[in-house]
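Residue-level listing of the chains:
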Number of protein chains: 2
Amino acid sequence: MTSRKAIRSQHADGLSAYLEKQRNLIEKALSKAVPAASVRPATIHAAMRYSLLAGGKRLRPILTLAAAEACGLTEPTRVLPAACAVELIHTYSLIHDDLPCMDDDDLRRGRPTSHKVYGEGVAVLAGDALLTRAFGLIAEITPAKRYPLAVLLEETAKAAGSRQLIAGQVADIEAEGRKLSIADVRFIHEGKTAAMIVLSLRLGAMIANATPRELKAVTQFGQALGLAFQIIDDILDVTQSSEQLGKSAGKDLKASKATYPAVIGLESSHKEANRLTQKALGALKELGFQSVRLHQIAERLMIRES
Amino acid sequence: MTSRKAIRSQHADGLSAYLEKQRNLIEKALSKAVPAASVRPATIHAAMRYSLLAGGKRLRPILTLAAAEACGLTEPTRVLPAACAVELIHTYSLIHDDLPCMDDDDLRRGRPTSHKVYGEGVAVLAGDALLTRAFGLIAEITPAKRYPLAVLLEETAKAAGSRQLIAGQVADIEAEGRKLSIADVRFIHEGKTAAMIVLSLRLGAMIANATPRELKAVTQFGQALGLAFQIIDDILDVTQSSEQLGKSAGKDLKASKATYPAVIGLESSHKEANRLTQKALGALKELGFQSVRLHQIAERLMIRES
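Just so it is clear, the model here is predicted, and its values are computed rather than measured. Residue numbers run consecutively from 1 along every chain, following the written order of its sequence. Each chain takes a letter, starting from A, and each ligand takes a number, starting from 1, following the order in which they are written. Owing to the predicted nature of the model, reporting of local features is limited to residues with pLDDT of at least 70; listing and counting of side-chain atom pairs is limited to 80 or more, with chain, interface and lining totals taken over all residues.

Undergrad: Is there a simple way to think about the overall build of chain A in this case?
TA: The number of helices and strands found in chain A is 16 helices and two strands. The globule rule is 2.2 Å times the number of residues to the power 0.38, and the radius of gyration it is compared with is taken over C-alpha atoms. Expected size for 306 residues packed as a compact globule is a radius of gyration near 19 Å; at 19 Å, chain A falls within 12% of this value. Along the three orthogonal principal directions, the C-alpha set of chain A runs to about 60 × 50 × 35 Å. Here a residue counts as buried when 20 or more other C-beta atoms fall within 10 Å of its C-beta, as exposed when 12 or fewer do, and as partly exposed in between; the C-beta atoms come from the backbone. In chain A, which comprises 306 residues, the proportion classed as buried is 53%. Looking at chain A alone, contacts between residues at least 24 apart form 72% of all its contacts between residues at least 6 apart. Helical segments are the DSSP runs of H or I of at least four residues, strand segments are the runs of E of at least two, and each set is numbered from the N terminus. Here, residues touch in the contact sense if the C-beta positions derived from the backbone fall within 7 Å of one another.

Here it is as structure tokens:
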């Protein structure tokens, strides 16, 4: 009998190849998901494509695919519209966050930010257009029996809305320069990062017609992983260079941003990220061997350097 | 036998009362459609409510209700989520259009614009949040047999997307100070204004389970009315004061904006608005007496002064 551990180690060799394969699927789907740069007005479509197709880890859509797999769906194409939708929402939020009236950032995914290339007006509209198109992609999902389209749509609007993703961004703006508690930082991180990571996973699970127990496990995995991911981001902002990150490093400190290292120090932040990663892995026990990719991704994210 | 004309004249007396009644319904629904200003983070919800609940004609949601009525649905509450959704999208587009990096406007619906009160960062996010919530409201629709939720969602994302609403706004930005043809101005107006007016009407008709012929008539009505509405807006910008409009008057001329009066003159613009209104009214013949409110609204819009 092959042990769980043996299977995991066998798969682990292939993680990089797996991520590469999924990323290729996603890149192709993303390119098809928005109009060609030749479609009138060309500027907006060029700007949408510039930010959307600038590479990046594609963590969120990969999680959507892996969550569907973990809940028994072996055909990734059924999940691609949802996977693209979460990446479009993520990209829109980056474009708007980088604006001069928000984080005022010049560098993203190793390239000048949207407003640096297209001007602020078009950057705002490119973000708006990506967000709007994301909901068009939700309409393209073929829902599974347990989770009709209305549920998928409602969850997407909630996660991206004023109590979650946008709540995190607003709280982040308001926090600048103020003394924060760990609860404040956690509120920001749960909104800005964890909400969309949880959504990415839940959409995949729901399209795979997950049982209520499976959906709960995926959600708990996402809540812990999302927070761990953002804490590691905070740590990397302090310890890595802009070249390594593809975005401006050290900016959190400069802007007195709400981060875990600023509130509890680097060492405790590391410990907390590790604790949350273990918690995430624990939640996967409910899902069995099919969740091996989610397991590996969580482990890989813990030790990432960019 | 009561003639069509007699019924219409009888109803005409009651148009103001009808509009007032519908507006009350809509105001109540809008207030419930977004979180209270006490919900954390308070700033974003206060900003959403500030712009959304600032009054205004509520033309788009009224058209949604009237289109449903024209297609035989007598119960307006079934249409309210869609009616609110179009008004949220309209309001988000106004907030973003008014930003300093776009039209840079200080006055809207008789009050300081969102970024004047809350700052640019929160104004961008309040727009984002209203757009996102609009799609949450689409999820609350109980669709009729002929038009499942996926169709309603797809149409909404298209009308608000980069080829229609946002296309008009981008073309408008790019047109400033350049010499334009009437076809260019028409492209902008169809995107910026007509697309969402057509959507407002179509959502109402589809929720009322319109026949294909009815839906076609409503669409043709909306295309002509939407363009007529924007031409009259252009005319009012030249001929009315800021107090009468509740927004900055004369700004189109100052910014060398793309308008009908600028390209074909005031008199020809009047004639074109009138021609389009007649065309819109002609399309209603398909719908019978139930479309009397749409008929009256189109006539009223032609002679409006703000």
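Undergrad: Could you clarify how one ought to interpret the packing of helix 4 (residues 59–70) of chain A against helix 10 (residues 182–207) of chain A in this entry?
TA: Each pair of packed helices gets described by two things: the angle between the helix axes and the distance between those axes. All names here are of chain A. With axes taken as lines fitted to C-alpha atoms, and helix axes fitted only over the stretch in contact, angles between N-to-C directions fall between 0 and 180 degrees. Two elements in contact, helix 4 and helix 10, have axes whose closest approach is 7 Å; the angle formed by their N-to-C orientations is 35°. Considering only the axes of helix 4 and helix 10, their crossing is right-handed. Along the contact surface, helix 4 presents Arg60, Pro61, Leu63, Thr64, Leu65, Ala67 and Ala68, while helix 10 presents Met196, Ile197, Ser200, Leu201, Leu203, Gly204, Ala205 and Ile207. Think of it as three bins: nonpolar holds Ala, Val, Leu, Ile, Met, Phe, Trp, Tyr, Cys and Pro, charged holds Asp, Glu, Lys and Arg, and polar takes everything else, Gly as well. The residue inventory of the contact of helix 4 with helix 10, partitioned by class, reads eleven nonpolar, three polar and one charged. Crossings are sorted by hand: turned counterclockwise from the far helix by less than a right angle, the near helix makes the crossing left-handed, and turned clockwise it makes it right-handed.

Undergrad: What am I meant to see in the interface of chain B and chain A here?
TA: When the parts come together, some accessible area is lost, and that loss is often what is quoted as the size of the interface. In this assembly, 42 residues from chain B lie in contact with 42 residues from chain A. Only helix 3 (42–52), helix 7 (120–138), helix 8 (149–159) and helix 9 (165–175) of chain B provide two or more residues apiece to the side of chain B that touches chain A. A per-element tally of the side of chain B that touches chain A places helix 7 of chain B first, with 13 residues. Of the residues that constitute the side of chain B that touches chain A, the class distribution is 26 nonpolar, nine polar and seven charged.

Undergrad: What's the story with helix 7 of chain B in this structure? I'm lost.
TA: Think of an α-helix as turning once every 3.6 residues; residues three or four places apart then point the same way. The span expected for a helix works out to 1.5 Å for each residue beyond the first. Here helix 7 of chain B is 19 residues long and its end C-alpha atoms lie 28 Å apart, about the 27 Å a rise of 1.5 Å per residue gives. For helix 7 of chain B, a buried count of 18 out of 19 residues is recorded, marking the element as mostly surrounded by other parts of the structure.

Undergrad: Would you explain the nonpolar core in this entry?
TA: Grouped burial of nonpolar side chains is what soluble globular proteins tend to show. Core analysis: the largest hydrophobic core is formed by 194 residues, its most contacted members being A:Ala126 and B:Ala126. Not counting the four nearest positions on each side in its chain, B:Ala126 is found in contact with B:Ile44, B:Ala47, B:Met48, B:Ser51, B:Ile95, B:Ser114 and B:Tyr118. Any set of buried Ala, Val, Leu, Ile, Met, Phe, Trp, Tyr and Cys residues joined through C-beta atoms within 7 Å is what this text calls a nonpolar core.

Undergrad: Explanation requested: the relation of the copies chain B and chain A in the structure shown.
TA: Comparison of the two chain copies shows a relationship of rotation about an axis with a shift along it. Least-squares fitting of chain B to chain A yields an RMSD of 0.0 Å, with the transformation described by 0.0 Å of translation along the axis and a rotation of 180°. One copy is carried onto the other by what is essentially a two-fold rotation axis. An overlap of 100% is found between the interface residues of chain B and their copies at the interface of chain A, pointing to a shared contact surface. Only residues with pLDDT of at least 70 in both copies contribute their C-alpha atoms to the least-squares superposition of the copies.

Undergrad: Even after reading the chapter, I still don't get helix 3 of chain B, so can you show me in this structure?
TA: All of the buried residues in helix 3 of chain B are B:Thr43, B:Ile44, B:His45, B:Ala47, B:Met48, B:Ser51 and B:Leu52. Along its buried surface, helix 3 of chain B packs onto helix 9 (165–175) of chain A together with helix 2 (15–33), helix 5 (80–97), helix 6 (114–118) and helix 7 of chain B.

Undergrad: How do you make sense of unusual backbone geometry when you look at a structure like this?
TA: Most peptide bonds take the trans form, and the phi angle of most residues other than glycine is negative. Residue A:Pro41 is reached from A:Arg40 by a cis peptide bond, and omega for that bond is -5°. Its location among the elements puts A:Pro41 in the loop between helix 2 (15–33) and helix 3 (42–52). At B:Arg58, a residue that is not glycine, the phi angle is positive and equals roughly 60°. When you line up the elements, B:Arg58 lands in the loop between helix 3 and helix 4 (59–70).

Undergrad: Explanation requested: the environment of B:Gly288 in the structure shown.
TA: Mapped onto the elements, B:Gly288 comes out in the loop between helix 15 (266–283) and helix 16 (292–302). The sequence separation of B:Gly288 and B:Glu214 amounts to 74 residues, and the corresponding C-alpha distance is 9.9 Å.

Undergrad: What should I look at first to understand the environment of B:Thr43 in this one?
TA: Following the sequence through the fold, B:Thr43 ends up in helix 3. In the structure, B:Thr43 is positioned 79 residues away from B:Val122 in sequence and 7.8 Å away in space, judged by C-alpha atoms.

Undergrad: Would you explain the packing of helix 5 (residues 80–97) of chain A against helix 7 (residues 120–138) of chain A in this entry?
TA: Residue and element names in this part refer to chain A. Two numbers describe how helix 5 lies on helix 7: the axes approach to 8 Å, and their chain directions differ by 160°. Judged on the interaxial angle alone, helix 7 and helix 5 are roughly antiparallel. Here the hand of the crossing between helix 5 and helix 7 comes out left-handed. Of helix 7, the residues touching helix 5 (which contributes Pro81, Cys84, Ala85, Leu88, Ile89, Thr91, Tyr92, Ile95 and His96) are Ala123, Ala126, Gly127, Leu130, Leu131, Arg133, Ala134, Leu137 and Ile138. Classifying every residue of the contact of helix 5 with helix 7 by side-chain character gives 14 nonpolar, three polar and one charged. An angle counts as roughly parallel when it lies under 35 degrees, as roughly antiparallel when it exceeds 145, as roughly perpendicular when it falls between 65 and 115, and as oblique in every other case.

Undergrad: What is the right way to look at the confidence of the model for chain A in this model?
TA: Regions with low pLDDT carry predicted coordinates that are not meant to be interpreted in detail. Per-residue confidence from the prediction method is given by pLDDT, with values spanning 0 to 100. Looking at chain A, the pLDDT average stands at 92 and 94% of residues meet or exceed 70. The complex model carries a pTM of 0.94, and its ipTM stands at 0.94.

Undergrad: Where do I start with the environment of A:Val79 in this structure?
TA: Residues and elements named next belong to chain A. When you line up the elements, valine 79 lands in the loop between helix 4 and helix 5. Each C-alpha atom, one on valine 79 and one on proline 148, is 14 Å from the other, the two residues being 69 residues apart in sequence. Residues within four places of valine 79 in sequence aside, it is in contact with Thr64, Leu65, Ala68, Leu73, Gly204 and Ile207.

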